[in-house]
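Here is how the chains run, residue by residue.
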Amino acid sequence: MLKFIFLTLFTMPLVAFKGSWHKLQISVYGGSILFMLVNSFPGMMGLTSYSFGCDVVSYGLILLSFWICGLMFSASQGVYKDNYSDTMFSFLILFLLLMLVLTFSSSSILFFYIYFEASLIPTLFLILGWGYQPERIQAGTYLLFYTLLVSLPLLIGIFVSYENLDTLFYIYFSGPSAVTSTLMYLVMIGAFLVKMPMFLAHLWLPKAHVEAPVSGSMILAGVLLKLGGYGLFRVLGMVVSKALAYNYIWVSVSLIGGVLVSLICLRQSDLKSLVAYSSVAHMGLVLGGMMTLNYWGMCGAYMMMIAHGLCSSGLFSLTNMVYERLGSRSLLINKGLINLMPSMSLWWFLLSSANMAAPPTLNLLGELSLLNSLVAWSWASMVALMLISFFSAAYTLYLYSFSQHGKWSFSGYGSMSGTTREYLVLVLHWLPLNLLILKSEAGILWI
């Protein structure tokens, strides 16, 4: 594993290459090396060294990080075309990729915390340096303070855990006697609830998404939200005695929040804002399933995180393609796109149907597992789940029909349909989303 991390580190000077194609190849190459390394061992834990290791959950999320970072280069063609600090931009993406690889492969919770926080820095610079509006400074402040406010208690909690357990390795963190204090339970899971983000602590996310460049939105939706879920996977075993007593609070907040956020989606007039709020609704479902602490919930949460990473990132890149042509993300201007970009309308349909968990997408498999876990946990959750499923279809249809149909704006007359690069970006989001369901044992039978 250490060799693989050093390989990622030494690819960073390659940002000197001009053009995004080379950088896409570098990212795909790194992901392929990991794929081959892991398959060459009889067990997934064979890729272990010092304080770094790889199990099924971290393996899937590291591959997702490589995939999304490669696509970020291709989707951000405007930065390279205008020579807008493109070398610095590439360096930040590769540095962020390195931090994500280190975060997901850390077997020590202190290393995990350090790299978890370090991933904030390149994200903040991406928003501040390449964002579109002056409000990006406020968005960066929201992102930083929401996350850092709950991270310091987590660091203190890690030190207290070390004092009690004499270890920082996840593998020794399980057991009912690991944490018996309610305050420690809140401290250990608080940072991850904000990072998910849970409803009531989610306001930083839509702001960061709307102000970020397309690459920032793609990595935020694709991978950075999954850091919260991954952290919960690691610490819930440690706080299981208190989790069994108090998790009903987070499940209730997630389900009620999912319904309310779905209603908020129905009144959005900004394409990016709508996709960002739909992320909050989906991650609420993930959090609810995970907090039930049962087999279906954990597996469904993992599948949904991978599926949401691909689907949401694809929708953000589509939104950016429209923005580059019409200069606006408003639904009042982006109407009748099927007349202006007919071939792009197919991709709007395919990714929108994935967003509402239509078959044969991975979203469907994840959502079915989460529904199973939540209904088994409590029959009362069926009401909220029915509403979330219904409104999920409603706001996705609203997004698709409002943007593709209707009388088009005069500003769109000079626009053109997609380029080869754009179709490649969309295909590489959509293909794994629909093909991974054919080999879903790794996501469903991993516990």
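For the structure, check the block above.
Residues numbered from 1 in each chain as written. Predicted model: local features only at pLDDT ≥ 70, side-chain atom pairs only at ≥ 80, totals over all residues. Heavy atoms only, no water.

A. Layout of the overall build of the protein. In terms of helices and strands, the protein carries 20 helices and zero strands. Expressed as a percentage of the 447 residues in the protein, the buried residues total 60%. In the protein, 84% of the contacts between residues at least 6 apart in sequence involve partners at least 24 apart. Total accessible area on the protein is roughly 17,300 Å²; 72% of this is exposed by carbon and sulfur atoms. (Helix = DSSP H or I, 4+ residues; strand = E, 2+ residues; numbered from the N terminus. Buried < 20%, exposed > 50% of the residue type's maximum accessible area, 1.4 Å probe, protein only. Contact = heavy atoms within 4.5 Å. Areas by Shrake-Rupley, 256 points an atom, 1.4 Å probe, with all protein chains shown as cover.)

B. Structural context of the nonpolar core. Counting 131 residues, the largest nonpolar core has Met-188, Ile-189, Ile-219, Leu-232, Val-286, Met-291 and Trp-348 as its most contacted members. At 17 residues, the largest contribution of residues to this core is made by helix H14 (residues 295–326). If we skip the residues at most four places from it in the chain, Trp-348 touches Leu-271, Leu-315, Leu-318, Thr-319, Val-322, Leu-337, Leu-399, Tyr-400 and Gln-404. Counting residues in hydrophobic clusters, the runner-up holds six residues, among them Phe-52, Met-99, Tyr-115 and Ala-118. (Core = buried A, V, L, I, M, F, W, Y, C linked by side-chain atoms within 4.5 Å.)

C. Broad picture of a nonpolar patch on the surface. Taken together, the side chains of Ile-121, Phe-125, Leu-128 and Ile-137 present a nonpolar region at the surface, about 370 Å² in accessible area. Top element by residues in the nonpolar patch is helix H7 (residues 120–130). It accounts for three residues. With respect to the element layout, Phe-125 can be found in helix H7. (Patch = residues over 30% accessible without salt bridge, like charges linked within 9 Å, V, L, I, M, F, W, Y side chains within 5 Å. Salt bridge = Lys/Arg side-chain N within 4 Å of Asp/Glu carboxyl O.)

D. Geometry of the pattern of salt bridges. Following the criterion strictly, the structure yields five salt bridges and no others. Here Asp-55 makes a salt bridge to Arg-234, at a shortest N to O gap of 3.0 Å. Remark: Arg-234 occurs in helix H11 (residues 214–235) and Asp-55 occurs in the loop between helix H2 (20–39) and helix H3 (56–75); sequence separation between them is 179 residues. Two residues, Asp-270 and Arg-329, come together in a salt bridge whose shortest N-O distance is 3.4 Å. Of this pair, Asp-270 sits in the loop between helix H12 (240–265) and helix H13 (271–291) while Arg-329 sits in the loop between H14 and helix H15 (337–340), and the two are 59 residues apart along the sequence. By the burial criterion, Asp-270 is buried, and Arg-329 matches it.

E. Spotlight on helix H18 (residues 381–404). For H18, built from 24 residues, the straight-helix expectation of 34 Å at 1.5 Å per residue is met to within 8% by its first-to-last C-alpha distance of 35 Å. Every buried residue belonging to H18 is among Ser-381, Ala-384, Leu-385, Ile-388, Phe-391, Ser-392, Tyr-395, Thr-396, Leu-399, Tyr-400, Ser-403 and Gln-404, and all of these are buried. Tucked into the core, H18 has its buried residues touching H12, H13, H15, helix H16 (342–355) and helix H17 (362–377). Directly beyond the C-terminal end of H18, a positive phi value near 100° is found at Gly-406. (Expected span 1.5 Å × (residues − 1).)

F. Layout of the side chain of Ser-369. Its location among the elements puts Ser-369 in helix H17. Within the structure, the side chain of Ser-369 is placed 3.0 Å from the backbone oxygen of Leu-365, a separation counted as a polar contact. (Polar contact = N/O pair within 3.5 Å; in protein donor to acceptor, adjacent residues only side chain to side chain.)

G. Just unusual backbone geometry, in detail. The peptide bond linking Met-196 to Pro-197 adopts the cis configuration, its omega dihedral lying at -5°. Note on placement: Pro-197 falls in the loop between helix H9 (182–195) and helix H10 (204–211). The amide bond that connects Pro-359 to the next residue, Pro-360, takes the cis arrangement and shows omega of 5°. A positive phi angle, close to 50°, is found at Ser-85, a residue other than glycine. On the secondary structure map, Ser-85 appears in the loop between helix H4 (77–81) and helix H5 (86–105). The phi dihedral of Ala-357 falls on the positive side, at around 60°, and the residue is not glycine. Here Ala-357 lies in the loop between H16 and H17. On the accessibility criterion, Ala-357 (9% relative accessible area) is buried.

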